[in-house]
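Listed here are the chains, written in short residue letters.
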Amino acid sequence: MFENVTSEMHERRKSRNLGVAACLAAFIVLLFALTAVKVQQHGIIQGFDHVVRPELLPADGS
Amino acid sequence: MSDATVNPSASSAADRRARDFHRARDYEPSFGDYFALLKPRVMSLVVFTALVGVLAAPSSLHWVEAFAALLFIAVGAGASGALNMWWDADIDAVMRRTAKRPIPSGRVDGQDALYIGVALSLLSAVMLWLTTNLLAAGLLAFTIFFYAVVYSMWLKRSTPQNIVIGGAAGAFPPMIGWVAVTGTLSIEAVLMFAIIFLWTPPHFWALALFMRNDYDNAGVPMLTVTHGRRSTRNHILVYSIIMALFAVGAAFTSLGGPFYLAVALIANAIWLRDAFRIWRRDEAAADSDDFSVEKGFFKFSLLYLFLHFGAIWVEAVLPAGAWGGW
């Protein structure tokens, strides 16, 4: 009787763990895909990191 | 294992909570138990109507963005379902229709449902914002708030107009789908909202008729409880007529077209026929055939919504001037 209870509990725990793992993996894949799509749509994005970038300076040099 | 201080047959709310806590603590929920908190059948309807909103919109999203938007709208709907189950656990335990839900059946702890609901609400709104735009995310957040707070915590237990006003929560998804694509509201989005808004009361009042004393036992002021079953039948007919006029009228707007008109005429003819049959019969007649007409109306109402939104989708994809649009 106790073996059955333990086995059922382990089955439920396993399904919960697998389900959460699958959701996390799917979320990571989705976020990667979304990032790839957003970058493709908007072009290469440069973040401001306190380093002078000559290509970002206005053409007249001001 | 049981706690000797807990009386399983006690009716007080504190004892029920203690019993549920101990039952939940002894039982480890499976993934399916947690998933059931999200009301998967409601989620599927939300996904479909939101999908139509996305597809009917004049511009388009990349398919990855569209998939993500629909997913986060569905997660938001599931989150509000979990919050509703957390709040309504006491009346769910009393009603036959809902007694097997995860919390009243002891499979999931109420606090877990609250945490899951809040976490998924935040996740879905933030992710929809990052995927699409702030307006869509704001509408989703408002929808969750409206269903969990305005409907579940306030209207449901305080007024027979609960489902008339609270039904707005289920009407937002196609609007959110549209706004996710276009970034703005439009009359077409409002029309799709209105179709579901008008559909909701007769759908749920038919359910209340054949669920008999379920809502009465739970103390929920459904129309069948506060105004009686005859009044409920009258209301179903009146609201069904209003629904039919609006649904057919929508065929002549930018949302509709000849295909939608054909579908709407047939679906609304059946809808009105069934509503009229519900109105004509009395409780003795309904009891004698186990509320077959009311149950049939309820089942058809799901197909009814599917047909209308399916027709909107067809109008959106058909070439304009041929079958698509006027």
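Up top is the structure.
One numbering rule holds for all chains: residues counted from 1, following each sequence as written. Whichever chain is written first is A, and whichever ligand is written first is 1; the rest continue in order. This being a predicted model, a pLDDT of at least 70 is required before a residue's local features are given, and a value of 80 or more before pairs of side-chain atoms are given or counted; all residues contribute to the totals for chains, interfaces and linings. Note that water and hydrogens are dropped before the side-chain values are worked out from all heavy atoms of the structure.

Q: What should I look at first to understand the overall build of chain B in this one?
A: If you tally the helices and strands in chain B, you get 16 helices and zero strands. Each residue is assigned to one of three classes by its accessible area relative to the maximum for its type, calculated with a 1.4 Å probe on protein chains only: buried under 20%, partly exposed between the two thresholds, exposed over 50%. Within the span of chain B, comprising 326 residues, buried residues form 54% of the whole. Residue contacts are counted whenever heavy atoms from the two residues lie within 4.5 Å of one another. Across chain B, contacts joining residues at least 24 apart in sequence account for 73% of those joining residues at least 6 apart. Areas reported as accessible are Shrake-Rupley estimates using a 1.4 Å probe. Residue values count occlusion only from the protein chains shown. For chain B, the computed accessible surface area is about 14,200 Å², with 69% contributed by carbon and sulfur atoms. Helix and strand assignments come from DSSP, with helices taken as H or I runs of at least 4 residues and strands as E runs of at least 2, each series counted from the N terminus.

Q: Just checking my understanding: could you explain the layout of surface pockets for this structure?
A: Left-over empty space is what a probe sized like a water molecule reveals as it rolls over the atoms. As defined here, a cavity is a set of points on a 1 Å grid over the protein atoms alone where a 1.4 Å probe fits but cannot get out. A pocket is an open set with protein on both sides within 12 Å along at least five of seven lines, and residues line them when an atom is within 4 Å of a point. Grid points are joined across faces, edges and corners, and a volume is the space filled by probe spheres set on the points. By volume, the second largest pocket is sized at about 790 Å³. Residue lining of the second largest pocket: 22 residues in total, with Cys23 of chain A together with Phe31, Val75, Leu120 and Leu123 of chain B positioned closest to the centre. Elements represented by at least two residues in the lining of the second largest pocket include exactly α1 (2-42) of chain A together with α2 (31-36), α4 (63-87) and α6 (110-131) of chain B. At eight residues, the largest contribution of residues to the lining of the second largest pocket is made by α1 of chain A.

Q: Would you mind showing me how to read helix α14 (residues 258-280) of chain B here?
A: Side chains of residues three or four places apart in an α-helix project in the same direction, reflecting 3.6 residues per turn. All names here are of chain B. Each residue after the first adds 1.5 Å to the expected span of a helix. Over its 23 residues, α14 extends 33 Å from the first C-alpha to the last, a length consistent with the 33 Å expected when each residue adds 1.5 Å. Of the residues making up α14, those classed as buried are Tyr260, Leu261, Val263, Ala264, Ala267, Asn268, Trp271, Asp274, Ala275 and Ile278. Contacts from the buried residues of α14 go to α10 (187-210), α13 (229-249) and α16 (292-317).

Q: Sorry, what's going on with the environment of Ala136 of chain B here?
A: Residues and elements named next belong to chain B. Take Ala136: it is sitting in helix α7 (residues 134-155). Linking Ala136 and Ala269, residues 133 residues apart in sequence, is a C-alpha distance of 35 Å. Those residues within four positions of Ala136 in sequence are excluded, and the remaining contacts are Leu128, Ile176, Val179 and Ala180.

Q: Quick question: what am I supposed to make of the pattern of salt bridges here?
A: Take a side-chain nitrogen of Lys or Arg and a carboxyl oxygen of Asp or Glu: if they are within 4 Å of each other, that pair is a salt bridge. Per the stated rule, a full pass over the model turns up 16 salt bridges over all chains. Across the pair Glu28 of chain B and Arg16 of chain A runs a salt bridge whose closest N-O atoms are separated by 3.1 Å. One end of the pair, Glu28 of chain B, is in the loop between α1 (13-26) and α2; the other, Arg16 of chain A, is in helix α1, on a second chain. Just as Glu28 of chain B is buried, Arg16 of chain A falls in that class too. With its nearest N and O atoms 2.8 Å apart, the salt bridge here joins Arg281 of chain B to Glu294 of chain B. Separated by 13 residues along the polypeptide, Arg281 of chain B in the loop between α14 and α15 (283-288) and Glu294 of chain B in helix α16 bring together distant segments of the chain. Across the pair, Glu294 of chain B and Arg281 of chain B agree in class, each one buried. Put simply, Arg229, Arg233, Arg281, Glu283, Asp289 and Glu294 of chain B are held in one network by salt bridges that share partners.

Q: How do you make sense of a nonpolar patch on the surface when you look at a structure like this?
A: Residue and element names in this part refer to chain B. The residues that make up patches have over 30% relative accessible area and no salt bridge, and they are joined within 9 Å when like-charged or within 5 Å when they are Val, Leu, Ile, Met, Phe, Trp or Tyr. A cluster of nonpolar side chains, namely Trp87, Phe142, Phe145, Val149 and Met153, defines an oily patch on the protein surface of about 420 Å² accessible area. Take the nonpolar patch: its biggest share by element is four residues, from α7. Along the chain, the position of Val149 falls in helix α7. Classification of Val149 as partly exposed rests on a relative accessible area of 31%.

Q: Even after reading the chapter, I still don't get the packing of aromatic side chains, so can you show me in this structure?
A: The relative placement of two aromatic rings is captured by the distance of their centres and the angle of their planes. Residue and element names in this part refer to chain B. Between the rings of Phe, Tyr and Trp (Trp by its six-membered ring), a pair exists once the centres lie within 6.5 Å; its type follows the angle of the planes, with under 30 degrees stacked, over 60 edge-to-face, and the other angles tilted. On inspection of all chains with the given rule, the structure shows 14 aromatic pairs over all chains. A centroid spacing of 4.2 Å and a plane angle of 25 degrees characterise the contact between Trp271 and Tyr304, whose relative ring orientation is stacked. Separated by 33 residues along the polypeptide, Trp271 in helix α14 and Tyr304 in helix α16 bring together distant segments of the chain. One aromatic cluster is present, built from ring pairs that chain together Phe142, Phe145, Phe146, Phe172, Phe193 and Phe197.

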